[in-house]
Amino acid sequence: MTRHSFSCIEGHTEGMPVRMVIDGAPPLAGKSMSERRDDFIANHDWIRRSLTLEPRGHAHMSGTILYPPLSANADMSLIFIETSGCLPMCGHASIGSVSFAIEAGLVRPKTPGTVIVDVPAGQLTAKYEMDGNLVRAVRFTNVPSFLLYRDAEVVHPTLGKLTVDIAYGGNFYPIVEAQSNFPGCEHFTPQQLLEWGREIQAAVNQTFDVVHPDHPGIRGVRHCMWTGAALSSQADARAVVIAGANLIDRSPCGTGTSARVAQRHARGLLHEGDTFTHQSLIGSSFVGRVESTTQLKSGLDAVLPSIEGRAWITGRAEHYVDDSQPYAHGFTIEEYPA
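Chemist: I keep staring at the pattern of salt bridges and nothing clicks. Help me out?
Modeler: Pairs can form between side chains of opposite charge whenever their charged atoms are close. Within the structure shown, the criterion is met by 13 salt bridges. For E153, the salt bridge goes to K161, with nearest N and O atoms at 3.8 Å. Counted as one network, the salt bridges with shared partners bring together D151, D165 and R267.

Shown next as C-alpha cells:
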C-alpha cells in the first residue's frame, strides 16, 4: 500500500475553480518547464487524474502545482492540471495561483507588485494590486498569441458547415463567431454547447494540422470557443469555452481571451493599447489588452496580450491518494458506459 498526501489551497478565479498543490508533488526532470511538463505527463499524470477527477474533483475541476522558480529572474513556476490534461498554459489558473501564493506568503517577489512565473508555454509577467492583505486584481502578460488559421471551414456533424478562426493564446482555440448555422451562444444551453464542443474539436483535428510554429510539441485542439452577445453594456462580447470532453469554463478563460485578442488584432478590430472586456457563461469578466506586437521565430505576426481578473481563496485541503482504495487515481463516468 502506498499513500500520498497533497496539501492544496482551494479557490476560484471569476467562478472557475483553482486547486493549487503547495506540497506533496514530485520533483520533475527537464531544463525548461515545457520539458518538465513532458516528464509530468509521462510519469506523474496519475496526480492530475487523482486531484481533478472524481471522487476528489469533478468534471470542471482545474488547478496548478506550485514549483520553485526555474529561471534566474522568476519568482515561481507552475504546472497546469485539469480534467482535459496537463496544459501548456492556463490563464484563470495563473491569476488564481499568483493571488493565492501572494496572500498565503508562499512567494516573495523580487520586485514588489510583480511576479515572474515560469510555465510550460513560456514565461509570464504578472502585476498585482493589494487591498490590505488581499490581492484585489492580477494582470498578467501572456505568451505570444496569434491567429493561425483565418476563415477555416469545418463541417460540424450537427450544425453543418461552420467558418472558424483558429487562434493560440497558450492553447489553441477554434473561435466560432455568430453566422448562419450558429446565431450565438446565447441561443443554446450549456449542455448543447458542451456536446457540440466535443464534435468541433474532433472535426478541426481531423481537418487541420494545428501546430505551434515555434514549439512543435504544442499541437492539436483540446478546446473551443462559442461566442455571442455580451450580457451587459459593460462588456464587449461573451464566450463559452469548452475544454476537452466535459469541462465548461465558468470564467471567460485566460488563454481563450488571449486567443480572441490575437484574433481580433489580426482582423484589425483591436490595436495596440486597446482593451477588450470578455464575459463568461455566468457573466464574470476578464479585461484583455493588446500590450504590444511581436513576431514568432517562424516570422508569424503575434501580439503580447495581457489578461486582468480576480481570484479568491475559499479554503485549504489535504488530499490523500491511497493506492489500496478503489478509484484511487480518479475516474470519469464516461469511462463506464452503460
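From this point, the narrative continues.
Chemist: Teacher, can you tell me more about helix α2 (residues 45–52) here?
Modeler: Side chains of residues three or four places apart in an α-helix project in the same direction, reflecting 3.6 residues per turn. Extensive coverage of α2 is indicated by the burial of six of its eight residues. Every buried residue belonging to α2 is among D45, I47, R48, S50, L51 and T52, and all of these are buried.

Chemist: Just checking my understanding: could you explain empty space enclosed by the protein for this structure?
Modeler: Empty space among the atoms becomes visible once a probe the size of a water molecule is rolled across them. With the rule as written, the count across this model stands at one cavity of 30 Å³ or more. A volume near 70 Å³ is recorded for the largest cavity. Contributing elements (two or more residues each) for the lining of the largest cavity: α3 (91–103), β13 (237–243) and α5 (254–266). In the lining of the largest cavity, the residues fall into eight nonpolar, six polar and two charged.

Chemist: How do you make sense of the pairing of strand β11 (residues 172–176) when you look at a structure like this?
Modeler: Looking down a regular strand, the side chains alternate between one sheet face and the other. Here β11 lies mainly inside the structure; five of its five residues are buried. Here β11 shows a buried face lined by F172, P174 and V176 and a second buried face lined by Y173 and I175. In this sheet, β11 lies alongside strand β10 (residues 160–168) in antiparallel orientation, the contact comprising four bridges. Note that in β11 the partner of A167 across the bridge is Y173. Counting the residues between successive antiparallel strands, the hairpin from β10 to β11 contains three residues, one of them, G170, with a positive phi of roughly 115 degrees. The pairing of β11 with strand β12 (residues 223–228) spans two bridges and is parallel. By the bridge assignment for β12, V176 is matched with W226. The parallel pair β11 and β12 is bridged by helix α4 (residues 190–207), and the resulting crossover is right-handed.

Chemist: Which parts of the structure should I look at to understand the environment of T314?
Modeler: Tracing the chain through its elements places T314 in strand β18 (residues 311–322). Once you skip the residues sitting within four places of it in the chain, T314 turns out to touch E10, G11 and H12.

Chemist: I keep staring at the packing of aromatic side chains and nothing clicks. Help me out?
Modeler: Throughout the structure, instances matching the rule amount to 11 aromatic pairs. Between F146 and F172, the ring centres sit 6.2 Å apart and the planes meet at 80 degrees, which makes this aromatic pair edge-to-face. In this pair, F146 sits in strand β9 (residues 146–156) while F172 sits in strand β11, placing the two residues 26 residues apart along the sequence. An identical accessibility class is assigned to F146 and F172; each is buried. With a centroid separation of 5.1 Å and 45 degrees between ring planes, the pair formed by Y149 and F208 is classed as tilted. Taken together, the residues Y149 in strand β9 and F208 in the loop between α4 and β12 connect sequence positions 59 residues apart.

About the thresholds
Per chain, residues are indexed from 1 in the order of the written sequence. In keeping with the model being predicted, local features are shown solely for residues with a pLDDT of at least 70 and side-chain atom pairs are shown and tallied solely at 80 or more, while totals for entire chains, interfaces and linings include all residues. Each side-chain value is worked out from all heavy atoms of the structure, with water and hydrogens disregarded. Counted as salt bridges are all cases of a side-chain nitrogen of Lys or Arg within 4 Å of a carboxyl oxygen of Asp or Glu. Throughout, exposure labels follow a simple rule: accessible area from a 1.4 Å probe, protein chains only, divided by the maximum for the residue type, with under 20% read as buried, over 50% as exposed, and the rest as partly exposed. In this text, helices come from DSSP runs of H or I with a minimum length of four residues, and strands from runs of E with a minimum of two, each type numbered from the N-terminal end. Within this scheme a cavity is a closed region of a 1 Å grid, computed over the protein atoms alone, that accommodates a 1.4 Å probe without allowing it to escape, whereas a pocket is open but has protein on both sides within 12 Å along at least five of seven lines; lining residues each have an atom within 4 Å of a point. Grid points are joined across faces, edges and corners, and a volume is the space filled by probe spheres set on the points. Side-chain classes are defined by residue name, with Ala, Val, Leu, Ile, Met, Phe, Trp, Tyr, Cys and Pro counting as nonpolar, Asp, Glu, Lys and Arg as charged, and the others, Gly among them, as polar. Whether two strands pair depends on DSSP finding at least two bridges between them. A clockwise path from the first strand over the helix to the second, with the strands pointing away from the viewer, defines a right-handed crossover. Any two residues having at least one pair of non-hydrogen atoms within 4.5 Å are treated as being in contact. In this scheme Phe, Tyr and Trp rings, the latter by its six-membered ring, pair at centre separations within 6.5 Å, and the angle between planes marks the pair as stacked below 30 degrees, edge-to-face above 60, and tilted otherwise.

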